[in-house]
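Descriptive analysis of the structure
Take a look at the letters that make up each chain.
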Amino acid sequence: MCWFDSLLNNGIEIPQQLQEFKRRPLIWLVSGPPGTGKTTFVLEMCSRLSAKPQPDTKEPIYSIYYSCESPVTAIKENIKSFGWPCNDRFIKFVDEDKFRNVKKPGDFFDLIDNKEFQLLHESVKPQIVVIDSLNVLGSLAGWDGRTGSDGQRRVGERFDSRGEADSEMGASRTKYTENNVLRMIANAFNGKCWIVILIQNWEHDQDHDPSFAYLADIETRLMVRIRQNYLLNYFRIVKMRFQDHSRGEHLLKIYPGPESTRSLEAIPASGRIGMERKEGGILLMPSIHRHLSALGGVHVAHKATSNIPTRPAGIAVPIQGFAEILPLGKTPSGKSISGIPKHCCTALVGHRGAMKSYVAYATLINHLEIGKRNCGVMLSLRDDVEAAVNTLEQICMHLAIPHGRVRQWMRNSRLDIVYLAPGYLPPEEFMHRVVVSIEGMIHRHRKAVHSAGDKDVDGRNILCVLNGIDHLAARHPLCFEEKMFVPAIISYLTKSLVTSVVIAADDDKTALDESGMLPMAELLIRFKTIPRMDSKIDPVARPITRVFSQRVPAGAPSGGIGYLVRDNSSGAAKFTVSLQSAVLEA
């Protein structure tokens, strides 16, 4: 399952006794309203497990799927349509036709005890048994949803080993509670499998849960949430005996398979950005709080023996003189260090059209050009991929870098450009795309360094530019309403030893403050457009931008002030510390 294991710290732990079939199986309840993906979730899990050998046994997981509501042909067509890998040797289906004569719980257990069904369990003992679903089976068998002894309403009634209710009067019958049936299921499969998965339609609310949920060893819920009149599906692990698991609700999406008439382009079910597979099916995207809680463990980037320098380090801004306002300190030998601080967050904030993006993009281009091990990620809320590439190519011309270099970096997997189109994009999906893009770049960076046999003395040379934070409220309202959204992204990048540059206009100062970006920045650079006094005389005069470093990294000397102007002929940016010189340049 895509990202399901990450919520369990690499899978479900099976006790040794259970692996030897010496105790009752674990009962796993999968519940939720109709249409939330319960059957798809379980079916994909069994299908993928049948085709993937486990690390310890070198054998796939064997499953038996009792379908009480769908024919086997329909189930197999469903598997094929999503494009899932499936090994028929390790997954067996029992058709709904087998359950037509089930009228009471005893009939069901008589059915699974007959010779045909026993052969399924004795020839090769399955690890997983699925019953889909309890609702259909319950309607056939006639049990109700009450708990405890409430269902045993007649005096003197008792249950025999099959769950049949006997009355001392000899003629009375009673309905069976789900609690009784759950215990009967556990007894019936005792020593015959590891896990029994029960699928149940259930509308969850705070005051009313499935009557036997407390008896289950594992409980997962699929639910629907309405956010700004937009329906979203979520997945929650309520409990998991014998091991720890991720708390909270995690986004769940179901994507079509490769043969679907709906295009998979630009959705995270295909390609590098989103997940590393081309099949459809369930995609679980951990909550941003899960990512934050994992930062101290899963995303620890280097061990204590790393070669990362303890002294400050900077990434150069390729605009002559700009380094004067970005001092970071000095080396033990007295050499000055300047630039964008490595493995920290830098915020470029100011007026629109004040060349904030130009400075960030030029820094990214120069970073990729001067180091063959350097990598970059561009997360754009404003320009789509083609527009971003064209902008970068223009700046390459200003820096005397050959045309076509940007696309070459992309082909060589040294540059990823991720465009997040406007819409009701949930914060979990936004964060997921960021994490997958960065983790993919980290993996490729590490592989390249190791294959070359050299040491990466500068640590992780990945520069990430996030442009358009000021567009968040208008373009991605669901992300904007999550207060920890921007701080979570910046925290993730910093902890992953990724240098980040975040760009935002400050027209709406309230929205900018609410985004939480400013307190997270180690270096804060302000850009302010200065009105030209001679604009009436020269209406086409180029604007001048006042640039000053408002906040600098701890321990660094205070920043300075300078001015940015555009070159009259080439349009490239020029920097000067003198306003008079800036006026002459403009």
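Cut-off values and rules
- Residues numbered from 1 in each chain as written.
- Predicted model: local features only at pLDDT ≥ 70, side-chain atom pairs only at ≥ 80, totals over all residues.
- Heavy atoms only, no water.
- Helix = DSSP H or I, 4+ residues; strand = E, 2+ residues; numbered from the N terminus.
- Contact = heavy atoms within 4.5 Å.
- Areas by Shrake-Rupley, 256 points an atom, 1.4 Å probe, with all protein chains shown as cover.
- Pairing = 2+ DSSP bridges.
- Patch = residues over 30% accessible without salt bridge, like charges linked within 9 Å, V, L, I, M, F, W, Y side chains within 5 Å.
- Salt bridge = Lys/Arg side-chain N within 4 Å of Asp/Glu carboxyl O.
- Buried < 20%, exposed > 50% of the residue type's maximum accessible area, 1.4 Å probe, protein only.
- Core = buried A, V, L, I, M, F, W, Y, C linked by side-chain atoms within 4.5 Å.
- pLDDT = per-residue confidence, 0-100.
- Expected span 1.5 Å × (residues − 1).
- Polar contact = N/O pair within 3.5 Å; in protein donor to acceptor, adjacent residues only side chain to side chain.
- Phe/Tyr/Trp six-rings, centres within 6.5 Å; stacked < 30°, edge-to-face > 60°.
- Axes fitted to C-alpha atoms, helices over the stretch in contact; angles between N-to-C directions.
- Parallel < 35°, antiparallel > 145°, perpendicular 65-115°, else oblique.
- Nonpolar A, V, L, I, M, F, W, Y, C, P; charged D, E, K, R; others polar.

**Here we look at the overall build of the protein**
- Broken down by element type, the protein carries 17 helices and 24 strands.
- Taking the intrachain contacts of the protein between residues at least 6 apart in sequence as the baseline, contacts between residues at least 24 apart amount to 71%.
- When the accessible area of the protein is evaluated, it comes to approximately 26,700 Å², of which 51% is carbon and sulfur surface.

**Remarks on the pairing of strand β10 (residues 249-255)**
- Inspection of the sheet shows strand β9 (residues 230-240) paired to β10 by four bridges, in the antiparallel sense. When the sheet's bridge partners are listed, Tyr234 is paired in β10 with Leu251.
- Note: β10 against strand β11 (residues 281-285), five bridges, orientation antiparallel. Within the sheet, the bridge partner assigned to Ile254 lies in β11 and is Ile282.

**Let's talk about a nonpolar patch on the surface**
- A surface patch of nonpolar side chains, amounting to about 300 Å² of accessible area, comprises Val224, Ile226 and Leu231.
- Looking at where Leu231 falls in the secondary structure, it is placed in strand β9.
- Note on Leu231: relative accessible area 58%, which makes it exposed.

**Digging into the nonpolar core**
- One finds Ile319, Phe322 and Leu564 to be the most contacted residues of the largest nonpolar core, which totals 41 residues.
- For this core, the secondary structure elements donating two or more residues are α9 (356-370), α10 (385-398), α11 (405-411), β18 (415-419), β19 (462-467), β20 (499-505), β21 (523-530) and β24 (573-576).
- Beyond its immediate stretch of four places on either side in the chain, Phe322 contacts Val317, Val359, Val547, Leu564 and Phe575.

**Quick word on the confidence of the model for the protein**
- In the predicted model, the protein carries a mean pLDDT of 80, and 76% of its residues have values of at least 70.
- In the predicted structure, residues 263-275 sits below a pLDDT of 50 and forms 39 contacts with residues beyond four places in sequence or in another chain.
- Counted against residues more than four places away or in other chains, residues 297-309, with its pLDDT under 50, gives 24 contacts.

**Description of helix α2 (residues 38-51)**
- Compared with an ideal rise of 1.5 Å per residue, which puts 14 residues at 20 Å, α2 spans 21 Å between its outermost C-alpha atoms and is within 8% of the ideal.
- Where burial is concerned, most of α2 is hidden: eleven out of the 14 residues are buried.
- Burial in α2 covers these residues: Lys38, Thr40, Phe41, Val42, Leu43, Glu44, Met45, Cys46, Ser47, Arg48 and Ser50.

**A look at the environment of His250**
- Counting through the fold element by element, His250 comes out in strand β10.
- For the pair formed by His250 and Glu428, sequence separation is 178 residues and the distance between their alpha carbons is 7.4 Å.
- Leaving out residues up to four positions away in the same chain, His250 has contacts with Leu7, Asn233, Tyr234, Phe235, Met285, Pro286, Ser287 and Arg290.
- A distance of 3.2 Å separates polar atoms of two side chains, one belonging to His250 and the other to Ser246.
- A distance of 3.1 Å separates a polar atom in the side chain of His250 from the backbone nitrogen of Ser287.

**With respect to the packing of aromatic side chains**
- Here the structure, examined in full by the defined rule, presents twelve aromatic pairs.
- Aromatic side chains Phe82 and Trp84 sit 4.6 Å apart centroid to centroid with 5 degrees between the ring planes, which places their arrangement in the stacked category. Taken individually, Phe82 and Trp84 each receive the classification buried, so the pair is uniform in this respect.
- Pairing Phe430 with Phe485 gives two aromatic rings, centres 4.8 Å apart and planes at 90 degrees, and the pair type is edge-to-face. Highlighted residues: Phe430 in helix α12 (residues 427-452) and Phe485 in helix α15 (residues 485-495), separated in sequence by 55 residues.
- An aromatic cluster is built from Phe4, Trp28, Phe41 and Phe235, whose rings are joined through pairwise contacts.

**Brief notes about the packing of α2 against helix α3 (residues 72-82)**
- Direction vectors running N to C along α2 and α3 enclose 75 degrees, while the axes themselves pass 11 Å from each other. Here α2 is positioned roughly perpendicular relative to α3, judged by the angle of their axes. Across from Thr40, Leu43 and Ser47 in α2, the residues of α3 making contact are Ile75, Asn78, Ile79 and Phe82.
- The residue makeup of the contact of α2 with α3, split by class, is four nonpolar, three polar and no charged.

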